[in-house]
Each structure stands twice: as C-alpha cells, then as structure tokens.
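Residues per chain, in single letters:
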Amino acid sequence: MPASGFIVLILVLLVTCEAEPATEFVEASDGGSASLPCNLNPPGTSDKISVVLWYKGAEQNPIYKYDVRGNQPVRWAEASLQNRYFLRILDDHRAIMSISPTKLSDEEVYHCKVDFMKSSTMITHKALNLTLNS
Ligand SMILES: *[C@@H]1O[C@H](CO)[C@@H](O)[C@H](O)[C@H]1NC(C)=O
C-alpha cells in the first residue's frame, strides 16, 4: 500500500473512533458534585417521559428511578447511595443526575434508560464514565 493510502486509512479510523465513543467521560472533584446528563427526547414528537432509570456499573437493577406515571413524580434511590443522588428534570429534553457530595465509590460507568407514555420503545443512552479528581 502506498504511504499516502496508509495515512488516509489511519485518518478514517481516527475520525470513526471519535465520532462514536463507546462511553463519554464525566469528571468531577472528590467530595464535590457531579452532573450526569440524560437525554429525554421522545422517539415521537408529542410523547412524554413516563420513567427514567439509572444503572451503575454491572448492576442488573436500576440504582435510581424517576416515575411520572402518577400525579406526582416519584423518586426512588438505592439505599447505599445515601440520598446523595438526585435527578433534576431541566425541561422536556434534558435531565441531570446530580451526585453530591461525591465519594470515590461513585467512580463507575452509568447509563440512563428512558421510557415514554405512548411509544413502547425504551431508549438506552450512551454510558457515562465518571472519574473523580482529588
Ligand atoms: C472509565 O474510566 C477509567 C479512568 O479513565 C478507565 O480506567 C476505565 O477503563 C473506564 N471504563 C470504561 C468502561 O470505559
């Protein structure tokens, strides 16, 4: 292969890798607060969220649930999180999981899943790798 072809191949590989990272990185300071974003955009235009679930690491069960199927939003968090995790709904499109104060045990890969009122598809979003700096 000519050298120029080889360089083009490498560039294509680099661009492909950057366009689709397996996980996104989120940094925060140890003992401070961390913000993990979750996209609430529905698959259809007029749909609304019903449940937002957060998963941590390899745990099978969600560590946090936000449920708006009733009149009032219901939040549930796994007891081991010690009430340090709170999901804030910013608008129809975005939510932020805030962790405060952070602990080293929070360093993990997280992802959110969003379920909607009308559409039966549950959207699983890209994983977020939280790193804490001391
Ligand atoms: C998360 O980030 C840490 C620190 O950069 C890294 O060691 C670890 O492999 C990452 N995990 C995943 C699943 O990407």
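For the structure, check the block above.
Just so we're clear, the structure is a prediction, and the values are computed from it rather than from any experiment.

### Points about the overall build of the protein chain
- Helix and strand content of the protein chain: 1 helix and 10 strands.
- Secondary structure elements of the protein chain occur, N-terminal to C-terminal, as α-β-β-β-β-β-β-β-β-β-β.
- Buried residues in the protein chain amount to 31% of all 134 residues.
- Of the contacts formed within the protein chain by residues at least 6 apart in sequence, a portion of 56% connects residues at least 24 apart.

### Observations regarding the packing of aromatic side chains
- In the structure shown here, the tally under the stated rule is 1 aromatic pair.
- Between Y85 and Y110, the aromatic rings sit 6.3 Å apart at their centres with planes inclined by 45°, giving tilted as the arrangement. One end of the pair, Y85, is in strand β6 (residues 85–89); the other, Y110, is in strand β8 (residues 109–116), with 25 residues separating them in the sequence. This pair shows no difference in class: Y85 is buried, exactly as Y110 is.

### Structural notes on unusual backbone geometry
- Omega for the bond connecting S100 with P101 falls within 30 degrees of zero, at -10°, which places this linkage in the cis form.
- Inspection of the secondary structure puts P101 in the loop between β7 (94–99) and β8.
- Positive phi, normally seen in glycine, also occurs at Q82, with a value near 55°.
- With respect to the helices and strands, Q82 occurs in the loop between β5 (74–77) and β6.
- When its relative accessible area of 42% is taken as the criterion, Q82 is described as partly exposed.

### Let's talk about the site of the ligand
- In the region of the ligand, the neighbouring residues are T23, F25, V109 and N129.
- The protein chains hide 35% of the 360 Å² of surface that the ligand would expose on its own.
- Residues belonging to the shell around the ligand are distributed by class as follows: 2 nonpolar, 2 polar and no charged.

### Side note on the state of the cysteines
- Applying the stated criterion across every chain, the model contains 1 disulfide.
- Here C38 engages in a disulfide with C112; their sulfurs sit 2.1 Å apart. Judged by the sign of its S-S torsion, about 90°, the bond between C38 and C112 is right-handed. In this pair, C38 is assigned in strand β2 (residues 34–39) and C112 in strand β8, connecting sequence segments 74 residues apart.
- Given the relative accessible area of 3%, C38 is considered buried.

### So, the sheet that holds β7
- Across the sheet, 3 strands lie side by side as β2-β7-β6; this open sheet has antiparallel pairing. Sheet topology places β2 and β6 at the edges, where each strand pairs with a single neighbour. Averaged over all pairs of adjacent strands, the angle between their axes in this sheet comes to 25°, without regard to strand direction.
- Note that β6 and β7 share 5 bridges and pair antiparallel. Its bridge partner lying in β7, L87 is registered against M97.

Procedures and definitions
- Residues numbered from 1 in each chain as written.
- Predicted model: local features only at pLDDT ≥ 70, side-chain atom pairs only at ≥ 80, totals over all residues.
- Heavy atoms only, no water.
- Helix = DSSP H or I, 4+ residues; strand = E, 2+ residues; numbered from the N terminus.
- Buried < 20%, exposed > 50% of the residue type's maximum accessible area, 1.4 Å probe, protein only.
- Contact = heavy atoms within 4.5 Å.
- Phe/Tyr/Trp six-rings, centres within 6.5 Å; stacked < 30°, edge-to-face > 60°.
- Near = heavy atom within 4 Å.
- Areas by Shrake-Rupley, 256 points an atom, 1.4 Å probe, with all protein chains shown as cover.
- Nonpolar A, V, L, I, M, F, W, Y, C, P; charged D, E, K, R; others polar.
- Disulfide = S-S within 2.5 Å.
- Pairing = 2+ DSSP bridges.
- Axes fitted to C-alpha atoms, helices over the stretch in contact; angles between N-to-C directions.

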